[in-house]
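Descriptive analysis of the structure
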Amino acid sequence: MQSKVLRYSEIAESVRIAVQHGGVLALWKGWAPSVLRDVPFSVIYWFHYELFKARLLQQYSSQKELTFPQSFACGACAGAISAVLTTPFDVVKTHRQIELGELESLGDHHRRLSSTWKIISRLYRTEGVTALFTGLSPRIIKVAPACAIMISSFEYGKRLFHAYNNDVELEAPS
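Predicted model, so just to flag it, every value in this text is computed and none were measured.

Let us now look at the overall build of the chain. The helix and strand inventory of the chain stands at 5 helices and 0 strands. A fraction of 74% describes how many contacts in the chain between residues 6 or more apart in sequence connect residues 24 or more apart. Put simply, the chain shows about 11,800 Å² of open surface, and 64% of that area lies on carbon and sulfur atoms.

Set out below in structure tokens:
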């Protein structure tokens, strides 16, 4: 469904056809590569963000919290590391989507999609390890700033609401 442009009125029909040809589980095609990319990404991201944050706060012991630029930089670095390490699963997800689009355009609803591990081994066997990192630069260019913006905004909002809550508590009658 993601491989072609649909009008809203065609989405229900596409879902019906997918379920008719592949059962209810057809609605979750591509779920495994997405989870294999997103869960490790989050683990790697948060581990590195907290590591960088702790190191900066240790280095600047007078600070209790990161400044906006510091959290921005920590988020960008953690996002870049996460993007690099999970790119192979992003490549697999993309190959799965391409394969699904090819099957749909050929009208071949009976052939099963290749498994995640078959796609990885085929790419490695035919094109080498570099095939698993196709699109790495654009991914880093997209992910690092997005992570930086997300975490620095989160940290700023957290400080803002914490300060607001403390002011409200101080003003509350005893």
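From this point, the discussion proceeds with the structure in view.
Once that is clear, we can look at the packing of aromatic side chains. Applying the stated criterion across every chain yields a total of 6 aromatic pairs. Ring geometry for Tyr45 versus Trp46: centroids 5.1 Å apart, planes at 85 degrees, classification edge-to-face. In this structure Tyr45 comes out as buried when scored by relative accessible area, which is 3%. These aromatic residues form a ring-pair network of at least three members: Phe41, Tyr45, Trp46 and Tyr49.

This part is about the nonpolar core. Within the largest apolar cluster, 11 residues are counted, these being Phe41, Tyr45, Tyr49, Leu57, Leu66, Cys74, Ala78, Ala83, Val143, Cys147 and Ile151. Those elements that provide at least two residues to this core are helix 2 (31–59), helix 3 (68–106) and helix 5 (136–171). Ranked by residues supplied to this core, first place goes to helix 2 with 4 residues. Ignoring anything within four residues of it in the chain, the contact list for Cys147 reads Phe41, Tyr45, Gly75 and Gly79. Residues Val91, Ile119, Ile120 and Ala131 belong to the second largest nonpolar core, which totals 8 residues.

Reading the values: the criteria
- Residues numbered from 1 in each chain as written.
- Predicted model: local features only at pLDDT ≥ 70, side-chain atom pairs only at ≥ 80, totals over all residues.
- Heavy atoms only, no water.
- Helix = DSSP H or I, 4+ residues; strand = E, 2+ residues; numbered from the N terminus.
- Contact = heavy atoms within 4.5 Å.
- Areas by Shrake-Rupley, 256 points an atom, 1.4 Å probe, with all protein chains shown as cover.
- Phe/Tyr/Trp six-rings, centres within 6.5 Å; stacked < 30°, edge-to-face > 60°.
- Buried < 20%, exposed > 50% of the residue type's maximum accessible area, 1.4 Å probe, protein only.
- Core = buried A, V, L, I, M, F, W, Y, C linked by side-chain atoms within 4.5 Å.

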